[in-house]
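Take a look at the letters that make up each chain.
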Amino acid sequence: MSDMKLWGLKSWWYWNQKGAELAIENVNANSEILPNTTIMIKKFNGYCEDYTHCGGLAMATAMEIHENHPDVVAVFGDFFGTTTKYSAAVYSYLQLPFCGSSMIVPNLLNKSWYPYFTQTITATGYGESLFQLLKFWNVGRIAVLSSKRNHEDAVYIADTLERVDARYILYCGSTADMGTTYLTLAATLKRLVGPNYVWITQNGLDTSACKPSGNCTQDYGENYRQLFQGIIQPNGQNLNSPKMTQLQKDFTSEVNQFQEPWGWFNMLTSYDCTGMLAHGLHKLLHDNPDFSEDMLANGKLQSHLNYTAFTNTGFSGLTGDPLVLNPGGDAAAAFIFAYYLGDEEENYVFFGLTDIDHNSFQYADTSMDIFLTPLVDNKMVFFGGSNIPPIDGAVYSIDAINYLSQKGVILMFLAGLGLLASLLLFALVRAHCHNPMVKAGSVTFLSILSIAALPSYASIVLFLNEESVSKCKTRIWLQLLSYSMMMGCVIVKNLRVWIIYTSKTRISKKKLKENIALLLWVGLVIVELASHIEVKRSLPFNRLIQSQCVNVSSRKISEHALSSYNLALLIILFYTTYVTRNVGFEHSEQTLLMVLSLYIPVSITIVTIISKDETSSSQRNFAMGIVIWTTVSIPVLFNLIPIIIQTRSQKLRLRNLNLSISPSRSAKSLVESKSKSRTCKLAGTFHSLLKIALFIPVDENGIEPGITAVVICGEEHCEIQKLGDSPNQTIFRIKIKSSGGCILADFHTLDQAELALSALQHSPK
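Along each chain, the written sequence defines residue order, and numbers are assigned to residues from 1. Predicted model: local features are reported for residues with pLDDT of at least 70 only, side-chain atom pairs are reported and counted for 80 or more only, and whole-chain, interface and lining totals are derived from all residues. Working from all heavy atoms in the structure, the side-chain values ignore hydrogens and water.

1. Section: the sheet that holds strand β1 (residues 75-76)
- Strand order in the open sheet formed by 3 strands is β1-β2-β3, and the pairing between neighbours is parallel. Looking along the sheet, the strands with just one partner apiece sit at the ends: β1 and β3 (117-119).
- Only strands that DSSP links by at least two bridges are regarded as paired with each other. Segments assigned H or I by DSSP are reported as helices when at least four residues long, segments assigned E as strands when at least two residues long, and all are numbered from the N terminus. One ladder, built from 3 bridges, connects strand β2 (residues 98-100) with β3; its direction is parallel. Across the sheet, the residue bridging to C99 is T118, located in β3.
- Each of β1, β2 and β3 touches helix α3 (residues 81-94); the most contacted strand, β2, lies at about 160° to it. Should any heavy atoms of two residues lie within 4.5 Å, those residues are considered in contact. Note on definitions: angles span 0 to 180 degrees between N-to-C directions of axes, and those axes are lines fitted to C-alpha atoms, for helices only across the stretch in contact.

2. Description of the state of the cysteines
- Pairs of cysteine sulfur atoms within 2.5 Å are identified as disulfides in what follows. Per the stated rule, a full pass over the model turns up 1 disulfide.
- Between the sulfur of C99 and that of C273 lies a disulfide, 1.9 Å long from S to S. Disulfide C99 to C273: torsion about the S-S bond roughly -80°, handedness left-handed. Here the residue C99 occupies a position in strand β2, and C273 occupies one in helix α9 (residues 264-287), the gap between them amounting to 174 residues.

3. Topic: empty space enclosed by the protein
- Using protein atoms alone on a 1 Å grid, points that fit a 1.4 Å probe yet trap it form a cavity, whereas open point sets bounded by protein on both sides within 12 Å along at least five of seven lines form a pocket; residues with an atom within 4 Å of a point count as lining. Grid points are joined across faces, edges and corners, and a volume is the space filled by probe spheres set on the points. Following the criterion strictly, the structure yields 7 cavities of 30 Å³ or more and no others.
- Its volume calculated, the second largest cavity comes out at about 80 Å³.
- G236, Q237, N238, T319 and A333 are, among the 14 residues lining the second largest cavity, the residues nearest its centre.
- By residue class, the composition of the lining of the second largest cavity is 6 nonpolar, 8 polar and no charged. Residues are grouped as follows: Ala, Val, Leu, Ile, Met, Phe, Trp, Tyr, Cys and Pro are nonpolar; Asp, Glu, Lys and Arg are charged; every other residue, Gly included, is polar.

4. Here's the deal with the packing of aromatic side chains
- To pair, rings of Phe, Tyr and Trp, with the six-membered ring standing in for Trp, must have centres within 6.5 Å; the planes then decide the type, stacked if under 30 degrees apart, edge-to-face if over 60, and tilted in the middle. Applying the stated rule across the entire model yields 21 aromatic pairs.
- Taking the centre distance of 5.9 Å and the plane angle of 50° together, the rings of Y339 and F351 count as tilted. With Y339 in strand β8 (residues 335-340) and F351 in strand β9 (residues 348-354), this residue pair connects regions lying 12 residues apart in the sequence.
- Partly exposed describes any residue whose relative accessible area lies between the buried limit of under 20% and the exposed limit of over 50%, with all areas from a 1.4 Å probe on protein chains only and scaled to the type maximum. Relative accessible area serves as the criterion here: at 5%, Y339 is assigned to the buried category.
- Here a set of aromatic residues connected by ring pairs shows up, and it is made of F136, W137, F337, Y339, F351, F361, Y363 and F382.
- Against the face of Y307 rests K111, its NZ or CZ located 5.4 Å from the ring centre. Look at NZ for Lys and CZ for Arg. If either is within 6 Å of the ring centre and within 35 degrees of the ring normal, a charge sits over the ring.

5. Some thoughts on the environment of I65
- Note on placement: I65 falls in helix α2 (residues 55-68).
- The spacing of I65 and F44 is 21 residues in sequence and 8.6 Å in space, taken between C-alpha atoms.
- Those residues in contact with I65, other than ones at most four positions away along the chain, are F44, P70, V72, Y91 and L96.

6. Here we look at the pairing of strand β4 (residues 143-146)
- Judged by which residues are buried, β4 turns out to be one-sided: A143 and L145 face inward and are buried, whereas V144 and S146, on the alternate face, are not.
- Here β4 runs beside strand β5 (residues 168-172); their pairing, made up of 4 bridges, is parallel. Its bridge partner lying in β5, V144 is registered against L170.

7. Here we look at a nonpolar patch on the surface
- Among the surface-exposed residues, Y403, L404, V409 and M412 lie close enough to one another that they form a single nonpolar patch of about 380 Å² accessible area.
- The residue M412 is located in helix α11 (residues 406-431) in this model.
- Classification of M412 by relative accessible area gives partly exposed; the value is 34%. Two distance rules govern patches: like charges are joined within 9 Å, and nonpolar side chains (Val, Leu, Ile, Met, Phe, Trp, Tyr) within 5 Å, applied only to residues with over 30% relative accessible area and no salt bridge. Using a 1.4 Å probe, the Shrake-Rupley method yields the accessible areas, and only the shown protein chains count as cover for residues. Just to be clear on terms, a salt bridge is a Lys or Arg side-chain nitrogen sitting within 4 Å of an Asp or Glu carboxyl oxygen.

8. Digging into the side chain of N639
- Along the chain, the position of N639 falls in helix α18 (residues 617-655).
- Overall, N639 belongs to the buried group, its relative accessible area being 10%.
- Beyond its immediate chain neighbours, meaning those up to four positions away, N639 contacts L425, L446, L449, K493, E589 and L592.

9. Focus on helix α5 (residues 154-163)
- Restricting attention to buried positions, one finds in α5 the residues A154, I157, A158 and L161. Viewed along the axis of α5, the buried residues span an arc of 95°, placing them on a single side of the element.
- Buried residues in α5 make contact with β4, β5 and α6 (175-189).
- After α5 finishes, the residue D165 shows a positive phi value of roughly 55°. Each C-beta atom gives one direction from the helix axis, and the arc is the one those directions make.

Structure representation (structure tokens):
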């Protein structure tokens, strides 16, 4: 049996079966467990050369037991999870209790799939216990590798984990893949292994069959085992109770009678597997007096033998006192953590453990022992010999625009400047609502335009500091609300003027109402409220974590509706620009329309390209803020600057105006020829007419003799007439007719007549 000292599949299986046999011997020798009953052992060969693909043989063996050995009431065996997941399904279908002692496969905990499978090794609580350890060390980041990526992908693994600066790495896979992958990274590539890294293995590591040659020394050098220092291995195990200690001593003395085995831990769980099965059968008969040993032996009680029959049998085993099962059918136990020493024997030392509920972690001390081995009173020793846990990665920060940074100051300045411009435009429009230029631009539409710009300017501030879902949604809503209002104003106002200019019949006041513009953007707001926005965070790039707002709606109906709506507005803008090309200069906004028609598609393209850029969220947000500010500022400044220039020029001209009124038609003679009451009435009428009249200024050189500008204001008739043909004799006459009388005033130039109208509209009634 000297070859059984060496690790191998044959020796491992042999000693696991030996542990199971010893448990049955002890049960048969115990008159209190299944009295008057002797448990017989039948052995079946489930060995195959490629142990990772033995599922078919295992299922065939299960069917053989069911068909040819009806006296078998429970099964133990199949030490690999890749095999057990097949055989356990068959045994569950056949209602044969089946216990495993060495596999850690989460799928096997699913009792709807494997109701008759139990295991004395612990799988439940692995993640919770690892979390407690990492929390104890103040670790917040960990990378997870599966056996789908092995040593053949070592370069890819290294590139990926180094890109995110992973320091704590958990390998979930077979022991052989763990050993080869780790050594390839450590010895061949010399990457991801060292004092700054901590590796955690789910199942342990195996170096008996290193790849590619099968000889670790040949592949990785003579001292390859030293590279294992600091690798952590969690095990679901309980600390020894006095009863467990005595049982382990008795067990060890029995085994040592013929040889000190390898892998005695799995011998303990194998012992507990068959011991637990026997105690479960005994408990079923003890708790149900109507059940007999004959019924059990003849297979008539199999429906009562699913995993719940073995959950708490009262069995005190080598790994639990008592041995209790979790709801998943695995042994309930604490998790004990060990680290590899990096010596030639590949020994490891236990250094800490959780409680049995996996809610806390503590370092081990000498008062604790496990499997007759006192735990050392020291902390974890990491690669290189340090007891201090390495940090879990370089310090990362969110790539955001700080309000104190240069970009932040620029965006805040632009936002403030835009808000000031919008408020100034609104104030000038309201203060000079009777000004010819303001009237020509429509007081209502200019007011809405100035208000519509405010949300977009305010949204620019929301690009600052760290991104959040609420900021994303608010910013998008503000921008789209502003966009729809401004586009609605520009489009409806210009179409309205075009209709007036091209109409061949008189248009009623009702049809000229401006309220219809307010309906163009209501639907957009409702659509956008249905969007599902979240913040997408990318992997770190240059130690910065990128953030981006994304629509995560599964069907994205709102996104398609929004795109269609905006496209429709853009098409209407193009149409408006084209049809209003012949509108008179005084009311034409052809320059603004052309600029918007060219710039908006460009800005949409820029925003689309920027939004797909994930290299720097701060650069992306800064660029988007500039584009949004420019888009909104174009219509605001196109209206604000001319109004400022015109009102300023008007004030200067009024200051120097020398009104020249014809004596025969002077305001003075008019006043003297009328009574005071009638004059006041006419003056009030004149002022009220000016407040509601749409005055259309006409270039002086384009005026023909006769009426040059006419506006119908209810029942009143307002006009300017040019009298005379020669420059020295030309007179421009303001003529207001109403039911209350007529007012006439003559001026030498058209400018004087226009300024007089402006002066009169700002005079008190």
